[in-house]
Amino acid sequence: MESVAGTVTHDPPPAGGRQGGPLIVTEDTELLDDLLRLCAAAGATPEVHHGVPERRGSWEAAPLVLVGDDAARRVRGAVRRRGVVLVGRDQDDSGVWRRAVEIGAEHVLMLPDGEQWLVDRIADVAEGVGRPALTVGVIGGRGGAGASTLACALAVTSAREGLRTLLVDADPLGGGLDVLLGGETAEGLRWPAFASSRGRVGGGALEESLPELHSLRVLSWDRGDRIAVPPQAVRAVLAAARRRGGTVVVDLPRRIDDGVAEVLTQLDVGVLVVPAELRAVAAAGRVASAVGMVLRDLRVAVRGPYPPGLGDREVARLLGLPLVGELPDEPGLSRPDAGTAPPGAAPRGPLARFCKEFWERALVEAGAA
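Residues numbered from 1 in each chain as written. Predicted model: local features only at pLDDT ≥ 70, side-chain atom pairs only at ≥ 80, totals over all residues. Heavy atoms only, no water.

Structural notes on the environment of Ala236
The line we're drawing: The helix count covers DSSP runs of H or I at least four residues long, the strand count covers runs of E at least two residues long, and both are numbered beginning at the N terminus. Summary of the burial criterion: residues with accessible area below 20% of their type's maximum are buried, those above 50% are exposed, and those between are partly exposed, where the area comes from a 1.4 Å probe applied to protein chains only.
Looking at the element boundaries, Ala236 is found in helix 8 (residues 231-243). Overall, Ala236 belongs to the buried group, its relative accessible area being 6%.

Observations regarding the sheet that holds strand 3 (residues 23-25)
Quick reminder of the rule: Note on pairing: DSSP must find at least two bridges between two strands before they are called paired. Here the axes come from fitting lines to C-alpha atoms, over the contacting stretch only for helices, and the angles between their N-to-C directions go from 0 to 180 degrees. For this analysis, residues touch if any pair of their heavy atoms sits within 4.5 Å.
The sheet built from 5 strands is open, its strands ordered 4-3-5-6-7 with parallel pairing. This sheet does not close on itself; its edge strands, each paired only once, are strand 4 (47-49) and strand 7 (107-110). Direction aside, neighbouring strands of the sheet carry axes that sit 20° apart on average. Direction of pairing for strand 3 relative to strand 5 (residues 65-68): parallel, over a ladder of 3 bridges. When the sheet's bridge partners are listed, Val25 is paired in strand 5 with Val67. Where helix 3 (residues 95-103) meets the sheet, its contacts fall on strand 5, strand 6 (84-88) and strand 7, and the angle it forms with strand 6 comes to roughly 155°.

Some points on the side chain of Ser58
Take Ser58: it is sitting in helix 2 (residues 58-61). Those residues in contact with Ser58, other than ones at most four positions away along the chain, are Leu23, Glu47 and Pro53.

Quick notes on unusual backbone geometry
Cis geometry marks the peptide bond from Leu111 to Pro112; its omega dihedral reads 5°. The omega torsion across Gly304 and Pro305 is 5°, close enough to zero to call that bond cis. Along the polypeptide, Pro305 turns up in the loop between strand 14 (298-303) and helix 11 (312-319). A positive phi angle is found at His214, which is not glycine, with a value near 55°. By secondary structure assignment, the location of His214 is in the loop between strand 10 (212-213) and strand 11 (216-219). Residues other than glycine seldom take positive phi values, yet Ser215 does so here, at roughly 70°.

Let's talk about helix 4 (residues 115-127)
The line we're drawing: Helix span, as expected, comes to 1.5 Å for every residue beyond the first.
With 13 residues, helix 4 should reach 18 Å at 1.5 Å per residue; the first-to-last C-alpha distance of 18 Å fits that figure. Among the 13 residues that make up helix 4, 10 are buried, leaving the element largely enclosed by the rest of the structure.

Some details on the pattern of salt bridges
Rules: A pairing counts as a salt bridge when a side-chain nitrogen of Lys or Arg comes within 4 Å of a carboxyl oxygen of Asp or Glu.
This model, assessed by the stated rule, comprises 22 salt bridges. Across the pair Asp70 and Arg74 runs a salt bridge whose closest N-O atoms are separated by 3.3 Å. Overall, the relative accessible area of 34% leaves Arg74 in the partly exposed class. Here Glu262 and Arg235 are joined by a salt bridge, their closest N and O atoms 2.8 Å apart. Note that Glu262 is positioned in helix 9 (residues 258-265) and Arg235 in helix 8, a separation of 27 residues in sequence. Each of the salt bridges in this network shares a partner with another, and the network as a whole consists of Asp34, Arg37, Arg89 and Glu115.

Listed below in structure tokens is the structure:
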């Protein structure tokens, strides 16, 4: 049992649907008030008892059990299970660790220091958190490489395959991915609405607040004055997006600031889009060097046409990156915001086929297929 700032570390809860609120066991009225307040902050409705519930299966079935230190003796004989937290207040009481062992608690938490940890854990079980979303970032090796087009096509393809999909525009100077999808007037929140986010953002609330376009949710920028989104807000929003499962696609800018670094830490895979030009390869090398300081799995997708002696494999070799493949050209996408369908919308088009093959491989590699 490892202590971390008044708590002990925990494993994520098992996968599944929405599981409901925790079971609280305590007779301490002040502690109960605090725990009820924290459950309310996490959007969960708990079941409260003074001891082990008499109703058969209630103790075993609860997604999380919060045992007040006052009730430790009363639950000694309960069936051992995962997800039991012993909650106390006295930081100097060394006996709390012995009582935690006696009841089979996995975690010990002291209030008020551990309040944010507990809110996060309660919210996790209330949302039924399972496998996090497979999160893919797309970045251009140079300006105009086609990263935004690929990001949109990946998201559109993922949604068409029936996966819960969220497309995130991480480039405030990119003009807005909602425009690329033909939804600049769609109702829903944009990045500036989340600039003041701190701590945990509810995954379900985030998803429901965003514009829905082509069966996917989009977090983009508005056309107002640029508002800086602090790194902690970026971290909270992307973490919320990932908790809902499915896929998350992020369109990344080529400059790496603190906010982009927060995104990179949460990516599973990065795709660097590079035109087959020597100058583009040189520029992409600098981008790859910066991104690679944070992201371990960075791959390259190469766009033609190819000059003599510079094929897709040679570009990948020069960059020292695994090759995703040749990114195909698709007619009608030179002006994707001029009334045409969004990138990847044609299921049998070359871009959609490229994206479908990418997801099939990536999902197998991630163990999510």
